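Inside the fold
Given next are the chains, with one letter for each unit.
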Amino acid sequence: MSWVIIVLIVVAAVSSGLTLKRAAAGNFKKPVGRMYKKQYSRRGFLTQGVMITGAAVLVYSGADEAFDSWHTKSVKSDSTDNAANFLNHIGERKWFFAWAGLAATDALLASTPFSRWGRKTCESIIVGLPMLWGTQYLLGASRPKETGSPKYDPFNDDNSASGHTFMAAIPMLTLAKSQAPAPAKIAGYLGSLPVGWARMNDRKHYLSQVLLGYGMAWNAVTLQESSNHSENHLQS
């Protein structure tokens, strides 16, 4: 059912935007360009290096395997499996098209709190994905279900950072870091966590892989917020 909602959002956004001025697209491209410069700068790669170092500590200290073993024996059950099965859908890549549709609506049609949330989410995903993909393939790593070892195997696998965690955390962190009321912020921070847990419950990712995906989502959203503040300052 989720794909139907996604298609409807995208079609509505695109069909409505066709009659509007192309210049409005600048509202989307300018902050994304600034975000790319920050993300793929010396400081951006240093930040990524710090996160990878932290993840590597969990990988090579045995903490990943210890946590996986404890969770599988003490927490995992039919109930957690059912919950994880539902949550995993939230982190699927197809949701990007929904955020892209909202971004198009915000840039080409009309800006509302809901469309701005979608635009900010889309911007963060676009800027963060190349770093995520590069890290996944550069480090390489297997799933708990595959080899039972989280150790890095460069260019031979792509599970070192959880993509589902990344995709699901960004919209919730965007909400949490926005100027929304306090209850919405709290809901955003709490809502950014369950999909990462679901990936560990299903033994699709180790703890370090989930934390690395989450950290990259946090960094992308932080960059988006700082770029948005810079844009507002320039326009004031």
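Since the model is a prediction, treat every value here as computed from it, not as a measurement.

The rules behind the values
Residues numbered from 1 in each chain as written. Predicted model: local features only at pLDDT ≥ 70, side-chain atom pairs only at ≥ 80, totals over all residues. Heavy atoms only, no water. Helix = DSSP H or I, 4+ residues; strand = E, 2+ residues; numbered from the N terminus. Buried < 20%, exposed > 50% of the residue type's maximum accessible area, 1.4 Å probe, protein only. Contact = heavy atoms within 4.5 Å. Areas by Shrake-Rupley, 256 points an atom, 1.4 Å probe, with all protein chains shown as cover. Phe/Tyr/Trp six-rings, centres within 6.5 Å; stacked < 30°, edge-to-face > 60°. Patch = residues over 30% accessible without salt bridge, like charges linked within 9 Å, V, L, I, M, F, W, Y side chains within 5 Å. Salt bridge = Lys/Arg side-chain N within 4 Å of Asp/Glu carboxyl O.

On a plain count of helices and strands, the chain comes out with eleven helices and zero strands. Ordered by position from N to C terminus, the α and β elements of the chain give α-α-α-α-α-α-α-α-α-α-α. Burial analysis of the chain (236 residues in total) assigns 43% to the buried set. Within the chain, counting contacts between residues at least 6 apart in sequence, those at least 24 apart form 75% of the total. A total accessible area of about 12200 Å² is found for the chain, and carbon and sulfur atoms account for 66% of it.

With that settled, the discussion passes to the packing of aromatic side chains. Inspection of every chain in the model, using the stated rule, returns nine aromatic pairs. Relative to Trp-70, the ring of Phe-67 has its centre 5.6 Å away and its plane inclined at 50 degrees; by these criteria the two rings are tilted. In this pair, Phe-67 and Trp-70 both sit in helix 4 (residues 63-74), three residues apart, roughly one turn of the helix. Here Trp-70 falls in the partly exposed class, since its relative accessible area comes to 45%. Where Trp-99 meets Trp-117, the ring centres are 5.1 Å apart and the plane angle is 70 degrees; that geometry is what we call edge-to-face. Of the two residues, Trp-99 sits in helix 6 (residues 95-108) while Trp-117 sits in helix 7 (residues 113-139), which places them 18 residues apart along the sequence. Of the aromatic side chains, those joined through ring pairs into one cluster are Tyr-36, Tyr-40 and Phe-45.

This part takes up a nonpolar patch on the surface. Taken together, the side chains of Ile-186, Leu-190 and Leu-193 make up a nonpolar region of the molecular surface, amounting to roughly 310 Å² of accessible area. On the secondary structure map, Leu-193 appears in the loop between helix 9 (182-191) and helix 10 (194-201). For Leu-193, a relative accessible area of 47% gives the class partly exposed.

Below, the discussion takes up the pattern of salt bridges. Across all of its chains, the model carries seven salt bridges by this definition. Here Arg-119 ties to Asp-106 by a salt bridge, and the two come within 2.7 Å at their closest N and O atoms. Of this pair, Arg-119 sits in helix 7 while Asp-106 is found in helix 6, placing the two residues 13 residues apart along the sequence. Each member of the pair, Arg-119 together with Asp-106, is buried. Several salt bridges share partner residues, and in doing so they unite Asp-106, Arg-119 and Glu-123 into one network.

Nothing here speaks to function; it is all geometry.
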